[in-house]
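Now for the letters of each chain:
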Amino acid sequence: MSVSKTSKRIVHRIPLTRARINLGQVVRRAHLDREYFILEKDGIPVVGIMHVDDLEDYLETRNPDLRSHIAKSSAEHSAGKSREAVKFLAELKSTAAKSKKRPE
């Protein structure tokens, strides 16, 4: 097994057969310790295991719509078009209260 560090995350390279025998431990370490595992078959990397939050973060970075939205939001913030969260939440509560008072 080889081990390397990627931005403070430990990456383990282990044979698929060993991972199969120790799957519970591999999943626990990926979940609790946020370690990455690269499973190899005959020394060839075939699959990776990581915490679901890390996977979702990775998938989001691959989404062009999301990247565009982040760039737009960042530009709006830089242009001063943002407001404090407290003010935003107050506006949401006010809007929700008004919509409850309206007759249907």
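To be clear, the structure that these remarks concern was listed above.
Residues numbered from 1 in each chain as written. Predicted model: local features only at pLDDT ≥ 70, side-chain atom pairs only at ≥ 80, totals over all residues. Heavy atoms only, no water.

Colleague: Which residues make up the overall build of the chain, and what values go with them?
Modeller: In terms of helices and strands, the chain carries 5 helices and 4 strands. Each helix (α) and strand (β) of the chain, taken in turn from the N terminus, gives the series β-β-α-α-β-β-α-α-α. Across the 104 residues in the chain, those meeting the buried criterion constitute 14%. In the chain, the share of contacts with a sequence separation of at least 24, taken over all contacts with a separation of at least 6, comes to 26%. Summed over all atoms, the accessible surface of the chain reaches about 8,700 Å², with 56% contributed by carbon and sulfur. (Helix = DSSP H or I, 4+ residues; strand = E, 2+ residues; numbered from the N terminus. Buried < 20%, exposed > 50% of the residue type's maximum accessible area, 1.4 Å probe, protein only. Contact = heavy atoms within 4.5 Å. Areas by Shrake-Rupley, 256 points an atom, 1.4 Å probe, with all protein chains shown as cover.)

Colleague: Tell me about the pattern of salt bridges, and name the residues and values.
Modeller: Throughout the structure, instances matching the rule amount to 4 salt bridges. R13 serves as the salt-bridge partner of E40, at 2.8 Å between the closest nitrogen and oxygen. Linking E40 in strand 3 (residues 36–41) with R13 in strand 2 (residues 9–15), this pair joins segments that are 27 residues apart in sequence. On the accessibility criterion, E40 (15% relative accessible area) is buried. Given a relative accessible area of 29%, R13 falls into the partly exposed group. The partner of D54 in a salt bridge is R34, and the shortest N-O contact between them spans 2.9 Å. Within this pair, whereas D54 is found in helix 3 (residues 52–61), its partner R34 is found in the loop between helix 2 (23–32) and strand 3, the two being separated by 20 residues in sequence. (Salt bridge = Lys/Arg side-chain N within 4 Å of Asp/Glu carboxyl O.)

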